[in-house]
Amino acid sequence: MANKIIDRKNLTFLIALFFEVFAMLISITTIPYMVDTENCNLILKLLRYTGYAIVLFKIFCDDYSSKQMTVILIIIAILVMNSIKIGGNTILCLFLFVIGMREVDFKLVCKISLIWYLAGIIITITSSQLGFIENWDYTSGERVRHALGFFYPSHATSIIFYTMCLFCYVMGNKLQFWQVCVLEGINIIQYKETDARAGTFLMVLMPIIFWLIKADRKAISGRIYGKILVLMFPICTLTSILLSKIYTGTGILLKINSLISNRFALANKALNEYGISLFGKKIEWIGNGGYGHTFTTFEGTYNYVDCSYVRILLDYGILFLLIVIIGFTMASVKALRENDKYLLIALSFIAIYSIIEPRLIEIGFNSFVLVLVVLVNNRYDGKKAEDRRNESTKRQSN
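Residues numbered from 1 in each chain as written. Predicted model: local features only at pLDDT ≥ 70, side-chain atom pairs only at ≥ 80, totals over all residues. Heavy atoms only, no water.

Caption draft 1: Representation of the packing of helix H10 (residues 232–246) against helix H14 (residues 341–353). At a minimum axis separation of 9 Å, H10 and H14 run at an interaxial angle of 5°. Classed by the angle they form, the pair H10 and H14 counts as roughly parallel. Every residue of H14 that contacts H10 at Met-232, Phe-233 and Cys-236 is listed here: Leu-347, Ser-348, Ile-350, Ala-351 and Ile-352. Split into classes, the residues belonging to the contact of H10 with H14 amount to seven nonpolar, one polar and no charged. (Axes fitted to C-alpha atoms, helices over the stretch in contact; angles between N-to-C directions. Helix = DSSP H or I, 4+ residues; strand = E, 2+ residues; numbered from the N terminus. Parallel < 35°, antiparallel > 145°, perpendicular 65-115°, else oblique. Contact = heavy atoms within 4.5 Å. Nonpolar A, V, L, I, M, F, W, Y, C, P; charged D, E, K, R; others polar.)

So this is what it looks like as C-alpha cells:
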C-alpha cells in the first residue's frame, strides 16, 4: 500500500501545474521553431490555459478568512494595474498558482515536479545530441556556446540549476556523497557545452553546501548563518539594484562587470533609460536568443538585462518587486522557524543566482516561486495540510 496519499486539493493543483510546466518546458526548447511555430505556440497556450482553468476551480472551491481575502484582493489589484500598464497577464497567471498553493503540500509538489523537470531535461538534451531536435550554437568571437536543445545556452544552465537545487532540497539529509559527485560531473558537462560561468560556479558550491550542512545537528534558528540567510533576498535585491544604479564603468565595479558579462553596465543603462515606476512599463528587451536561427539582424540595440531584481523593477514596478521580496523573505523566516534548513539554503542560492539571471518568477524554471503562497496563507496552513495527509495515510493503513 502506498505510503503517501494524494488528497483532492494536492491532486487538483498538481494536474494544473503539470499543464503549465509541460507547456513552459516545451516553449524554452527549439521544438516550436522546428514545426509550425504559430500553431505550436497556440497549442502551448491552450495547455497553459487548461492549467489556469483547473487551478481557478481549486481557488473557487477553497475557503478563505477575511484577512486572506483582503490580502489576495490587494495583490490582485496591483497585478491588474501591472497588466493594464504593460499589456500582458503573465504575473496574474503566475499568481493563480501561488494562490492555488494554499493548503497544498509544498514538499510533495517539489517531489512530483522534480520528476517532470528531470524528464524534460534528459529528453531535451538527449534528443539534441541524437539529432531529433535542433541543438543551436551561438558564437561570440572565439567563444562557441551550445544550447543543448534549448532556445539559448543560459536556458539550459538555468533549468539545470533550478532542478539541481530542487533535487538537493528534496533529498535533504538523504543526499549522498556519490550524488554530489554526479551533480558536479553534470555541472562540468553543462559548462563545457554552454560556457555559462557564473551559474556554473554556484552549481559547484550548491551540492557541497547541501551535503555539508547535514553534519550540523543544531537547529538552524540557533545559528548566526541562519539569521543571515533569511535576509538574502533583501540583501541581493538592494545590492544588485544599488550597484547597477551607481555603476560608472570605473574601479572595482568595472572588473566585476567584466566577470559577469557586462551585466552592471546593461542594468545601469536600462535603469537610466526606462526609469522606475509603481506599476512598471512595457519594454522590448532585445537579446541574443535566437540570433542566427530565428533572425539574423537586430531590430534595435542590445539591451537585455539579466538581473531578476532589476528586470522585475522595470517590467512590473516597485510595488510588485516589494510583494515578491517580502514573500520570499517571509518564506525564508518560516523555514528558519520550522528548522527547514534545506529550504532556507535553496532559497538563498536562488536569491544569489537571481542577481545574474532573470528567471526568479518564471514557474517553468523555478518551482520555488510557489513559496510565495506564504503571502496568503495562515501561519499554520502548511502544517495543517501535512497533518491532513498524514491522517489520511493512517486511516488508509488501518
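Caption draft 2: Spatial organisation of the pattern of salt bridges. Under the criterion given, the structure shown has 11 salt bridges. In this structure, Lys-9 engages Glu-103 in a salt bridge whose closest nitrogen and oxygen atoms are separated by 2.3 Å. Here Glu-103 lies in the loop between helix H4 (90–100) and helix H5 (106–130) and Lys-9 lies in helix H1 (residues 8–27), a separation of 94 residues in the sequence. A cluster of three or more residues bridged by salt bridges with shared partners is formed by Arg-263, Asp-306, Glu-357, Arg-359 and Glu-362. (Salt bridge = Lys/Arg side-chain N within 4 Å of Asp/Glu carboxyl O.)

Caption draft 3: Quick peek at the side chain of Asp-105. Considering the arrangement of structural elements, one finds Asp-105 in the loop between H4 and H5. Among the polar contacts made by the side chain of Asp-105, one reaches the main-chain amide nitrogen of Lys-107 at a distance of 3.1 Å. (Polar contact = N/O pair within 3.5 Å; in protein donor to acceptor, adjacent residues only side chain to side chain.)

Caption draft 4: Fine view of the nonpolar core. Counting residues in each nonpolar core, the largest one holds 111 residues, and the members touching the most others are Phe-95, Ile-361 and Phe-368. A total of 15 residues in this core trace back to one element, the largest contributor, which is helix H13 (residues 308–337). Contacts of Phe-95, omitting those with residues within four sequence positions, involve Ile-75, Leu-79, Phe-320, Ile-323, Leu-372 and Leu-375. (Core = buried A, V, L, I, M, F, W, Y, C linked by side-chain atoms within 4.5 Å. Buried < 20%, exposed > 50% of the residue type's maximum accessible area, 1.4 Å probe, protein only.)

Caption draft 5: Structural view of the packing of helix H6 (residues 153–171) against H14. Interhelical geometry of H6 versus H14 gives an angle of 165° and a closest axis separation of 9 Å. When the interaxial angle is binned, H6 and H14 end up roughly antiparallel. Every pair of crossing elements has a handedness; the one defined by H6 and H14 is right-handed. Between H6 and H14, the residues in contact are Thr-157, Ser-158, Phe-161, Tyr-162, Cys-165 and Tyr-169 and Tyr-342, Leu-343, Ala-346, Phe-349, Ile-350 and Tyr-353, respectively. Of the residues that constitute the contact of H6 with H14, the class distribution is 10 nonpolar, two polar and no charged. (Left-handed = near helix turned anticlockwise from the far one by under 90°.)

Caption draft 6: Looking closely at the pairing of strand E1 (residues 137–140). With four bridges joining them, E1 and strand E2 (residues 143–146) adopt antiparallel strand pairing. The residue bridging Tyr-138 from the neighbouring strand is Arg-145, located in E2. Hairpin connection of E1 to E2: two residues between the antiparallel strands, including Gly-141 at a positive phi of 65°. (Pairing = 2+ DSSP bridges.)

Caption draft 7: Structural view of the side chain of Gln-68. With respect to the element layout, Gln-68 can be found in helix H3 (residues 66–86). A polar contact of 3.0 Å, which involves the side chain of Gln-68, links it to the backbone nitrogen of Ser-65.

Caption draft 8: Examining the environment of Thr-90 more closely. Residue placement: Thr-90 occurs in helix H4. Residue Thr-90 is classed as exposed on the basis of its relative accessible area of 54%. C-alpha separation for the pair Thr-90 and Leu-42, spaced 48 residues apart in sequence, amounts to 16 Å.

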